[in-house]
Amino acid sequence: MALTNRTGALSRYGTAAGTGALAALVLVAVCGSPAFTGWAGTHTDPNSAGGWYLRLLAWPAWRFDAGDQAGGVLAADLRAILLLIFAAGLLYLLPATQVARVPGGLSQFFSGWAAYVLAGGLAGLLGVFLGPGPSLLAALQTAAAGASYGFLTGWIIGTASLGGRA
């Protein structure tokens, strides 16, 4: 027996933005965790493609205690928090008008991917300005690293956005 709603068969269970935001949360929670970042830092070769990519996945690192870092735990986790906020916001804003004009999943995929690229860049940029010791050079470098992270991992968010309601 198929699930139905007033308009017929219920083929999709969530929104594209919701599933993309959930994928971003899981990606940041797992790959940004202290266990993964520590493992990737010590057990991967930064000169191999696989090792470099695993280290890239750990870019939005977060931790439970900041130790002696100035600004405390919030400053250490600011980049990961901002990435999730921007990713969720952009996932809800970007695809609505695009998906309405272009039917099919390809538009959802690229909208989810683009949202994560922008979220990574913005999180890097604002994370430096809102953290301790802001500087323009550090903000630009971190924004570039965040956009690179979003470009090379955003396909995961784009794939998670496929098939959801706009």
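Overview of the structure. (Residues numbered from 1 in each chain as written. Predicted model: local features only at pLDDT ≥ 70, side-chain atom pairs only at ≥ 80, totals over all residues. Heavy atoms only, no water.)

Quick look at the side chain of Asp77
No. 1: On the secondary structure map, Asp77 appears in helix α4 (residues 72-101).
No. 2: One buried charged residue, Asp77, remains without a salt bridge, the closest side chain of opposite sign being Arg63 at 5.7 Å. (Helix = DSSP H or I, 4+ residues; strand = E, 2+ residues; numbered from the N terminus. Buried < 20%, exposed > 50% of the residue type's maximum accessible area, 1.4 Å probe, protein only. Lys, Arg positive; Asp, Glu negative; His and termini not counted. Salt bridge = Lys/Arg side-chain N within 4 Å of Asp/Glu carboxyl O.)

Concerning the environment of Ala144
No. 1: Tracing the backbone through its elements, the reader meets Ala144 in helix α6 (residues 136-161).
No. 2: Taking relative accessible area as the criterion, Ala144 reaches 43% and is therefore assigned partly exposed.
No. 3: Each C-alpha atom of the pair Ala144 and Leu125 lies 8.4 Å from the other, and the pair is 19 residues apart in sequence.

Some words on the packing of helix α2 (residues 34-43) against helix α3 (residues 49-57)
No. 1: Two elements in contact, α2 and α3, have axes whose closest approach is 9 Å; the angle formed by their N-to-C orientations is 155 degrees. In terms of their interaxial angle, α2 and α3 are classed as roughly antiparallel. For the element pair α2 and α3, the recorded crossing hand is left-handed. Here Phe36, Trp39, Ala40 and Gly41 of α2 come into contact with α3, specifically with Leu54, Arg55 and Leu57. (Axes fitted to C-alpha atoms, helices over the stretch in contact; angles between N-to-C directions. Parallel < 35°, antiparallel > 145°, perpendicular 65-115°, else oblique. Left-handed = near helix turned anticlockwise from the far one by under 90°. Contact = heavy atoms within 4.5 Å.)

Read these as geometric descriptors, not functional statements.
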